[in-house]
Amino acid sequence: MVFAYYNKLSAAQKRIYRRSDGIHTVSLPEPAGLHPLIPRLSTALEREDRATVEQQCCGIADGIVALLGVPPLRVRVLAVRPSASWGELHGLYEPGQGRAHAVITLWMRTVKLKRVVAFKAFLRTLLHELCHHLDYELYKLPDSFHTEGFYKRESSLFHQLVPDAEQPARTGK
Ligand SMILES: [Zn+2]
């Protein structure tokens, strides 16, 4: 199955899409080393402690890129935007240009309600943006499309970091 926008892509883009769609998992050699960071991120989010959230996100991203041997990237976490809602953009990936590192920007959202869900959604947003990085740096795809394979890779990372999680709702842009 392909998403509807596939039909509007050029032949070259369709080839990239199909390569992306064919990769279903990202295997981390030693995910257990990252597990202690997960509750720290959750606690920092509950406290709405932006600096610590950013620090833990950097730790998770650094750990994943190191395990996969791809170039590092920066993660910055910004405060909730006044109009933030579940449907809006809450993560952004900007590829590295020249010698500059790629950058992931995440926005902390209102987490007053359903904190656990908010935590999972937040972590998935980080992993979603990391998957864009992996498309370019690990799989060497010239473009990074949202394919079914892409979302499976995002899920595969999530379940390696949170092995006892139930199937979470899909999030991310
Ligand atoms: Zn995306």
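Above this note sits the structure.
None of the values given here were measured: they were computed from a predicted structure.

Asker: I'm lost on the pairing of strand S1 (residues 73-78) in this one. Help?
Answerer: Taken residue by residue, a regular strand's side chains alternate between the two faces of the sheet. With burial as the criterion, only one face of S1 is covered, namely that bearing Leu73, Val75 and Val77; the residues Arg74, Arg76 and Leu78 on the opposite face remain uncovered. Examined bridge by bridge, S1 and strand S3 (residues 102-107) share six bridges and lie parallel to one another. By the bridge assignment for S3, Val77 is matched with Leu106.

Asker: Looking at this structure, I do not really get the nonpolar core. What am I missing?
Answerer: Looking at soluble globular proteins, one finds that nonpolar side chains tend to be buried together. Ranked by internal contacts, the top residues of the largest apolar core, which has 46 residues, are Leu123 and Leu161. Elements that contribute at least two residues to this core include exactly helix H1 (11-21), helix H2 (37-46), helix H3 (50-68), S1, S3, helix H4 (115-137) and helix H5 (148-161). A total of eight residues in this core trace back to one element, the largest contributor, which is H4. In this structure, Leu123 is in contact with Ile38, Leu41, Ile60, Phe158, Leu161 and Val162, ignoring residues within four places of it in sequence.

Asker: How should the side chain of His128 be read in this particular structure?
Answerer: Looking at the secondary structure, you find His128 in helix H4. What makes His128 buried here is its relative accessible area of 0%. At 3.1 Å, the side chain of His128 and the side chain of His146 are in polar contact. Within the local environment of His128, its side chain forms a polar contact with the side chain of Glu154, the two groups lying 2.8 Å apart.

Asker: Would you mind going over the packing of aromatic side chains with me for this structure?
Answerer: Two aromatic rings are characterised by how far apart their centres lie and by the angle between their planes. By the definition in use, this model includes seven aromatic pairs. Ring centres of Tyr5 and Tyr17 lie 5.7 Å apart, and the angle between their planes is 70°; on these two criteria the pair is classed as edge-to-face. Linking Tyr5 in the segment before H1 with Tyr17 in helix H1, this pair joins segments that are twelve residues apart in sequence. Relative accessible area serves as the criterion here: at 29%, Tyr5 is assigned to the partly exposed category. Using a relative accessible area of 0% as the deciding quantity, one classes Tyr17 as buried. Ring geometry for Tyr17 versus Phe145: centroids 6.2 Å apart, planes at 40°, classification tilted. With Tyr17 in helix H1 and Phe145 in the loop between H4 and H5, this residue pair connects regions lying 128 residues apart in the sequence. For the pair formed by Tyr17 and Phe145, the shared burial category is buried.

Asker: Looking at this structure, how should I read the packing of H2 against H3?
Answerer: Two measures define how a pair of helices packs: the angle their axes make with one another and the distance between the axes. Packing of H2 against H3 brings their axes to within 8 Å, and their N-to-C directions diverge by 155°. On the basis of their axis angle, the class for H2 and H3 is roughly antiparallel. Between H2 and H3 lies a crossing whose hand is left-handed. When H2 is examined against H3, the residues Leu37, Ile38, Arg40, Leu41, Ala44 and Leu45 are found in contact with a partner set consisting of Thr52, Val53, Gln56, Cys57, Gly59 and Ile60. A class-by-class count of the residues in the contact of H2 with H3 yields eight nonpolar, three polar and one charged.

Asker: Looking at this structure, I do not really get H1. What am I missing?
Answerer: Since one α-helical turn is 3.6 residues long, residues separated by three or four positions face the same way. Turning to H1, its buried residues number three or more, namely Ile16, Tyr17, Ser20 and Asp21. End-on, the buried residues of H1 take up no more than an arc of 135°, which puts them together on one face. Turned more than 90 degrees from where H1 packs its buried face, Ala11 and Arg15 sit exposed.

Parameters at a glance
Residues numbered from 1 in each chain as written. Predicted model: local features only at pLDDT ≥ 70, side-chain atom pairs only at ≥ 80, totals over all residues. Heavy atoms only, no water. Buried < 20%, exposed > 50% of the residue type's maximum accessible area, 1.4 Å probe, protein only. Helix = DSSP H or I, 4+ residues; strand = E, 2+ residues; numbered from the N terminus. Pairing = 2+ DSSP bridges. Core = buried A, V, L, I, M, F, W, Y, C linked by side-chain atoms within 4.5 Å. Contact = heavy atoms within 4.5 Å. Polar contact = N/O pair within 3.5 Å; in protein donor to acceptor, adjacent residues only side chain to side chain. Phe/Tyr/Trp six-rings, centres within 6.5 Å; stacked < 30°, edge-to-face > 60°. Axes fitted to C-alpha atoms, helices over the stretch in contact; angles between N-to-C directions. Parallel < 35°, antiparallel > 145°, perpendicular 65-115°, else oblique. Left-handed = near helix turned anticlockwise from the far one by under 90°. Nonpolar A, V, L, I, M, F, W, Y, C, P; charged D, E, K, R; others polar. Arc of directions from axis to C-beta.

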